[in-house]
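For reference, the chains in residue letters:
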Amino acid sequence: MTERLYYHDSSLIEFDARIVRRIAAPDGRPGAILDRTAFYPTSGGQPFDTGTLGTARVLDVIEQEDGDLLHVLDAEVEADAVHGAVEWGRRLDHMQQHTGQHVLSAAFDRVLGARTESFHLGVDASTIDLGREVSADEAAAAEDEANRIVWADRPVTIRFADAAEAAGLRLRKESARGGTLRLIEVADFDLSACGGTHVARTGTIGIIAIAGIERFKSGSRVEFVCGGRALRSHRRLRDIVAGTGKLLSVAPHEIAASIERVQADAKELRRHVKDLQSRLAGHEAAALAAAALAGPAYRGSIAVLEGWDAQGLKQIAAAIASHPGHLAILMSAPPPSSIVVARSADTTFDAAAALKQMVARFGGKGGGRPELAQGGGLTGSPDDMLAFARTLAGLA
Ligand SMILES: [Zn+2]
């Protein structure tokens, strides 16, 4: 079983070791098992370390069933005696998030009696799932308490205990593991069994900031960022707020009110446009009806109109058909075209049948009743559609 150097010292990142076995990783890349290692494997909700082993890069670290740790490498390492170096930036980030999680979970437990059911350390943000729902105000109280512990710079220590000893200690969460337990203690605040990497003093966490809370199962999922991630998150949000304020030409605290005004203006404009459109449709209908072609049984208005949507076409067609003895076949341009066929109540033309023939000829779809039918997606040229519609109406 690989000796885990990080068990005793999370800031140890350079070490010498021997390769005891070379085996292929599940993805086929070369892999090495060492007698001892400072590399942390993916486990307990925390991702693996990266770094170098001799001349090779460590791409992944996988915990084997027998307790050995498999280092997945980008190339074979020839020598048996190797020097390992863990990438410190990534390790420190994981230590900040992971220790921050211990402190935040303990704060939720102490302040609100909300227990942590699970923890995940993600690439951008981490989450803890709480056994009960918490409000934003409650979460803020736990966040305050957690940061009080961070700024008190409490020692974070590692100790080992067997199951019998552990049973007599007040662990925040009972461990499912048997045998010797590794316990992480945040002085006078939290004691829990954990195999991860942690900072030596809470001050190194820097800050614990809750990024969001959502309902999850019967409790809450709390997203949070610590240390360097909190700084990066602050910068990102600062840039978004500054960019949004610039677009609206207002100070950050005026953004919400400004968006409300923009939304109200847009609503008013939409109402105004709709009103103008319906008045324009009336004029368009009057012009078309006046210029209608005289057929045997009715006067027909066949036209391709630019700048109108399906709703507008329908308004114009309905206005034309409100005159006795009229038929309207209106199409929009450019293609794909909408189409509306409407006729006055006193004529017998079958609008649905005509629409069916237009769709069969020019594509698209649609349907309706004998007095009114509509469709869309026609792809004929305006001239072809006009000519065919005139034939259908007997006005060619
Ligand atoms: Zn931990």
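None of the values given here were measured: they were computed from a predicted structure.

Q: How should I be thinking about the pairing of strand β9 (residues 116–121) in this particular structure?
A: Remark: a regular strand shows side chains that alternate across the two faces of the sheet. Of the pairings in the sheet, the one linking β9 to strand β10 (residues 126–130) comprises 5 bridges and is antiparallel in character. Each residue of the ladder has a partner; that of H120, found in β10, is T127.

Q: Any chance you could explain the coordination of the zinc ion here in plain terms?
A: Ideal values differ by geometry: the angle at a metal is 109.5 degrees with four tetrahedral donors, but 90 or 180 degrees with six octahedral donors. Listed as protein donors to the zinc ion are H98 (NE2), H102 (NE2), C194 (SG) and H198 (NE2); their distances from the metal cover 2.0 to 2.1 Å. Here the zinc ion binds 4 donor atoms, and the angle range of 95 to 122° at the metal identifies the geometry as tetrahedral. One chain supplies every donor for the zinc ion, spaced along it as H-x3-H-x91-C-x3-H. On the criterion of sequence distance, the pair formed by H102 in helix α1 (residues 88–112) and H198 in the loop between β13 (190–193) and β14 (208–216) is long-range, its members being 96 residues apart.

Q: Please explain helix α5 (residues 255–290) as it appears in this structure.
A: Since the α-helix advances by 3.6 residues per turn, residues separated by three or four positions end up pointing in the same direction. Helix length check: α5 (36 residues) gives 52 Å between terminal C-alpha atoms against 52 Å at 1.5 Å per residue, within 8%. When we look at burial in α5, the residues that qualify are I255, S258, A281, A285, L288 and A289. The elements touched by buried residues of α5 are α4 (227–248), β17 (299–306), α6 (310–321) and β18 (326–333).

Q: Would you mind going over the sheet that holds β10 with me for this structure?
A: Adjacent strands of a sheet pair through backbone hydrogen bonds, lying either parallel or antiparallel. Pairing is antiparallel in the open sheet, where 4 strands are placed in the order β9-β10-β15-β14. A strand with exactly one partner marks an edge of an open sheet, and here the two such strands are β9 and β14. Here the strands of the sheet are splayed against their neighbours by 20° on average, with no regard to which way each runs. Relative to strand β15 (residues 219–226), β14 runs antiparallel, the two sharing 8 bridges. Looking at β15, one finds that I213 is bridged to V222. In the packing of α1 onto the sheet, the strands contacted are β9, β10, β14 and β15, and the crossing angle to β15 comes to about 140°.

The rules behind the values
Position numbers for residues start from 1 in each chain and track the written sequence from start to end. Given that the model is predicted, a residue must reach a pLDDT of at least 70 before its local features are reported, and side-chain atom pairs must reach 80 or more before they are shown or counted; all residues, however, enter totals for whole chains, interfaces and linings. To get the side-chain values, take all heavy atoms of the structure and skip hydrogens and water. A pair of strands is labelled paired if DSSP reports no fewer than 2 bridges between them. Each helix is a run of DSSP H or I of at least 4 residues and each strand a run of E of at least 2, with the numbering of both proceeding from the N terminus. Excluding water, the donors of a metal are its N, O and S neighbours within 2.8 Å, or within 3.2 Å for Na, K and Ca, and that exclusion means sites may look incomplete. Under this scheme a four-donor centre is tetrahedral when all angles range from 85 to 135 degrees, a four-donor centre is square planar and a six-donor centre octahedral when opposite donors are above 155 degrees with the rest from 65 to 115, and any other centre is irregular. Given a helix with a known number of residues, its expected span is that number minus one, times 1.5 Å. Exposure classes here rest on a 1.4 Å probe applied to the protein chains alone. A residue is buried below 20% of its type maximum, exposed above 50%, and partly exposed in between. Note on contacts: a residue pair qualifies if any of its non-hydrogen atoms lie within 4.5 Å across the two residues. To get an axis, a line is fitted to the C-alpha atoms, and for a helix only the part in contact is used. The angle between two axes follows their N-to-C directions and goes from 0 to 180 degrees.

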